[in-house]
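Summary of structural features
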Amino acid sequence: MKSTYSVAEAQSQLPRLIKEAEAGGPVRIRRREETVAFLVSRERMEAIAETLEILANPDAVKAIESHRRGLSKLRSLAALED
């Protein structure tokens with residue numbers, strides 16, 4: 001399935017492109033051979049927004065980096081009940 005469309009193509013095929021984005025997208029929109037926009041599903045956009053929120057939290061970034069370096073200790077959820 002084609003994933004890059006001109007602005008004119010996108011305008012004439014918007015309902016189909018929305019379905020394509022929902023099915024896995026992203027759909028790229030180009031003007032004069034340059035990508036100028038992306039059409040993504042609501043689910044994908046919510047995931048992107050959530051990731052940005054996490055990465056904006058310095059404590060979360062420290063925890064992620066600690067885990068990547070192998071410095072964090074993983075515990076079972078049952079340990080939280082104590």
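Structure's up top.
Below is a summary of the structure that appears in this document. Keep in mind the model is a prediction, meaning the values are calculated, not measured. (Residues numbered from 1 in each chain as written. Predicted model: local features only at pLDDT ≥ 70, side-chain atom pairs only at ≥ 80, totals over all residues. Heavy atoms only, no water.)

Secondary structure summary: the chain contains four helices and three strands in total. What you see in the chain, going N to C, is helices and strands ordered as β-α-α-β-β-α-α. What you see for the chain is a C-alpha radius of gyration of 20 Å, clearly larger than the 12 Å of a compact globule of 82 residues, by over 25%. With respect to the three principal axes, the spread of C-alpha positions in the chain is 60 × 25 × 20 Å. Residue burial in the chain is summarised as follows: out of 82 residues, 11% are buried. Contacts in the chain between residues far apart in sequence, at least 24 positions, make up 16% of those at least 6 positions apart. With the model as given, the accessible surface of the chain reaches about 7000 Å², and the carbon-plus-sulfur share is 54%. Distance from the positive charge centre (14 side chains) to the negative charge centre (13 side chains) of the chain: 6 Å. (Helix = DSSP H or I, 4+ residues; strand = E, 2+ residues; numbered from the N terminus. Rg over C-alpha atoms; globule rule 2.2 N^0.38 Å. Buried < 20%, exposed > 50% of the residue type's maximum accessible area, 1.4 Å probe, protein only. Contact = heavy atoms within 4.5 Å. Areas by Shrake-Rupley, 256 points an atom, 1.4 Å probe, with all protein chains shown as cover. Lys, Arg positive; Asp, Glu negative; His and termini not counted. Charge placed at Lys NZ, Arg CZ, Asp CG, Glu CD.)

This model, assessed by the stated rule, comprises four salt bridges. Across the salt bridge formed by Arg16 and Glu20, the nearest N and O atoms sit 3.7 Å from each other. Taken together, the residues Arg16 and Glu20, both in helix H2 (residues 14–23) and four residues apart, mark about one turn of the helix. Taking relative accessible area as the criterion, Arg16 reaches 40% and is therefore assigned partly exposed. The partner of Arg42 in a salt bridge is Glu46, with the nearest N and O atoms 3.2 Å apart. Taken together, the residues span about one helical turn, with Arg42 and Glu46 both in helix H3 (residues 42–55) at a distance of four residues. Looking at Arg42, the relative accessible area reads 62%, which means it is exposed. (Salt bridge = Lys/Arg side-chain N within 4 Å of Asp/Glu carboxyl O.)

Judged by pairing direction, the sheet is mixed, and its three strands sit side by side in the order S1-S2-S3 without closing on themselves. Both outer strands of the open sheet, strand S1 (4–6) and strand S3 (34–39), are each paired with one neighbouring strand and no more. Going across the sheet, the axis of each strand differs from the next one's by a mean of 35°, ignoring polarity. As paired elements, S1 and strand S2 (residues 27–31) share three bridges and run parallel to each other. If you follow Ser6 over to S2, its bridge partner there is Arg30. (Pairing = 2+ DSSP bridges. Axes fitted to C-alpha atoms, helices over the stretch in contact; angles between N-to-C directions.)

The subject of this paragraph is unusual backbone geometry. Look at the link from Gly25 to Pro26: it is a cis peptide, with omega at 0°. For Pro26, the location among the structural elements is in the loop between H2 and S2. Not every positive phi belongs to a glycine, and Arg32 is a case in point at roughly 50°. In this fold, Arg32 is placed in the loop between S2 and S3.

Note that all results are geometric; they support no functional claim without further evidence.
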